[in-house]
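Coordinate inspection notes
This is what each chain is made of:
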Amino acid sequence: MTANLTQDEIESQLCDFLHANILAGDVAVSADTELVLIGVDSFSLMELVLFIERRFGLELPAEALTPDNIASVRTLSAYCLALLTQNRHV
């Protein structure tokens, strides 16, 4: 299932997870929303990382959780897609 995901599909799943499990009901999230601006803190980020690891079968090492990779759903999904692509070629 995860082998042929697009970045848009990953973004959609991450936005859905954030909306359903992390954010207050009236907080909107899109792929370009800066996570820190909508209240995603370190605990919320760990929940999101655990979701990614379970959902997509990825391992996100702590050193990969840099500001560049976790700034928004778009940057996080791009990182996930790169890992998925890399795993396909291993």
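The structure reproduced in this document is the subject of the present report. (Residues numbered from 1 in each chain as written. Predicted model: local features only at pLDDT ≥ 70, side-chain atom pairs only at ≥ 80, totals over all residues. Heavy atoms only, no water.)

**Details of the environment of Asn69**
Summarising the element assignment, Asn69 is placed in helix H3 (residues 67-70). Taking C-alpha positions, Asn69 is 11 Å from Ala82, a pair spaced 13 residues apart along the chain. With near-sequence residues (within four places) excluded, Asn69 lies in contact with Ala64, Thr75, Leu76 and Tyr79. At a separation of 2.7 Å, a polar atom in the side chain of Asn69 contacts the main-chain carbonyl oxygen of Ala64. (Helix = DSSP H or I, 4+ residues; strand = E, 2+ residues; numbered from the N terminus. Contact = heavy atoms within 4.5 Å. Polar contact = N/O pair within 3.5 Å; in protein donor to acceptor, adjacent residues only side chain to side chain.)

**Side note on the packing of aromatic side chains**
Counted by the stated rule, this structure contains two aromatic pairs. Plain terms: the ring middles of Phe51 and Phe56 are 6.3 Å apart, the flat faces sit at 80° to each other, and that makes the pair edge-to-face. Like Phe51, the residue Phe56 is buried in the burial classification. Through a chain of ring-to-ring contacts, three or more aromatic side chains come together here, namely Phe17, Phe51 and Phe56. (Phe/Tyr/Trp six-rings, centres within 6.5 Å; stacked < 30°, edge-to-face > 60°. Buried < 20%, exposed > 50% of the residue type's maximum accessible area, 1.4 Å probe, protein only.)

**Describing the packing of helix H1 (residues 7-21) against helix H2 (residues 42-56)**
H2 packs onto H1 with a crossing angle of 135° between their chain directions and a minimal axis gap of 11 Å. Between H1 and H2, the crossing angle belongs to the class labelled oblique. Seen along the crossing, H1 lies across H2 with a hand that is right-handed. Here H1 contributes Ile10, Gln13, Leu14, Phe17, Leu18 and Asn21 to the contact with H2, which in turn contributes Glu47, Leu48, Phe51, Ile52, Arg55 and Phe56. Among the residues making up the contact of H1 with H2, the classes are represented as eight nonpolar, two polar and two charged. (Axes fitted to C-alpha atoms, helices over the stretch in contact; angles between N-to-C directions. Parallel < 35°, antiparallel > 145°, perpendicular 65-115°, else oblique. Left-handed = near helix turned anticlockwise from the far one by under 90°. Nonpolar A, V, L, I, M, F, W, Y, C, P; charged D, E, K, R; others polar.)

**Thoughts on H1**
Here H1 spans 21 Å end to end across 15 residues, near enough to the 21 Å set by a 1.5 Å rise per residue. Listed in full, the buried residues belonging to H1 are Ile10, Glu11, Gln13, Leu14, Cys15, Phe17 and Leu18. (Expected span 1.5 Å × (residues − 1).)

**Some details on the nonpolar core**
Counting residues in hydrophobic clusters, the biggest one holds 30 residues, and the most contacted among them are Ile10, Leu14, Leu18, Leu48 and Ile52. At the level of elements, H1, H2 and helix H4 (73-88) are the ones that each hand at least two residues to this core. It is H4 that contributes the most residues to this core, seven residues altogether. In this structure, Ile52 is in contact with Leu14, Gly57, Leu58, Leu60, Leu76 and Cys80, ignoring residues within four places of it in sequence. (Core = buried A, V, L, I, M, F, W, Y, C linked by side-chain atoms within 4.5 Å.)

**Thoughts on H4**
Along its 16 residues, H4 runs 22 Å from first to last C-alpha, staying within 8% of the 22 Å computed at 1.5 Å per residue. Along H4, the positions that sit buried rather than exposed are Val73, Leu76, Ser77, Tyr79, Cys80, Leu81, Leu83 and Leu84. Structurally, H4 contributes buried residues whose contacts are with H1, H2 and H3. The N-cap of H4, judged by a side-chain oxygen 3.3 Å from the amide nitrogen of Arg74 a few residues on, is Ser72.

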